[in-house]
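# Results of the structural survey
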Amino acid sequence: MLSLLRQLGRHAIVSKKFWLVPLVIFLIVFGGILVLAQNSAVAPLIYAIF
C-alpha cells in the first residue's frame, strides 16, 4: 500500500498533475471514515453528518 502511494506521488510530480494529491488525500480520509462507521459508537454521529 505504501509503495502504491509512493508511485502515485512520483507520478504526480513527474507529470505535473498536482490535482491528484488532494484527491488521493480525500479518498484516504473518506475511506477511513467509512471504516470507522462500520463497527463503532461513532457510527450514529457519522450517519447524522451524511
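Located above this text is the structure these notes cover.
In what follows, the accompanying structure is described. These figures come from a predicted structure and were not determined experimentally.

### A few points about the packing of aromatic side chains
- In total, this model carries one aromatic pair according to the counting rule given.
- Ring centres of Phe 26 and Phe 30 lie 5.8 Å apart, and the angle between their planes is 15°; this geometry places the pair in the stacked category. With Phe 26 and Phe 30 both in helix H2 (residues 20-38) and four residues apart, this pair spans about one turn of that helix.

### Focus on unusual backbone geometry
- In the Ramachandran plot, Lys 16 falls in the positive-phi region, its phi being about 55° despite a non-glycine side chain.
- Tracing the backbone through its elements, the reader meets Lys 16 in the loop between helix H1 (2-14) and H2.
- On the basis of relative accessible area, Lys 16 is assigned to the exposed category, the value being 63%.

### Some details on H1
- Taking 1.5 Å of rise per residue, the 13 residues of H1 would be expected to cover 18 Å, and the 18 Å separating its terminal C-alpha atoms lies within 8% of that figure.
- Lys 16 lies just past H1 and shows a positive phi near 55°.

What counts and what doesn't
Residues numbered from 1 in each chain as written. Predicted model: local features only at pLDDT ≥ 70, side-chain atom pairs only at ≥ 80, totals over all residues. Heavy atoms only, no water. Phe/Tyr/Trp six-rings, centres within 6.5 Å; stacked < 30°, edge-to-face > 60°. Helix = DSSP H or I, 4+ residues; strand = E, 2+ residues; numbered from the N terminus. Buried < 20%, exposed > 50% of the residue type's maximum accessible area, 1.4 Å probe, protein only. Expected span 1.5 Å × (residues − 1).

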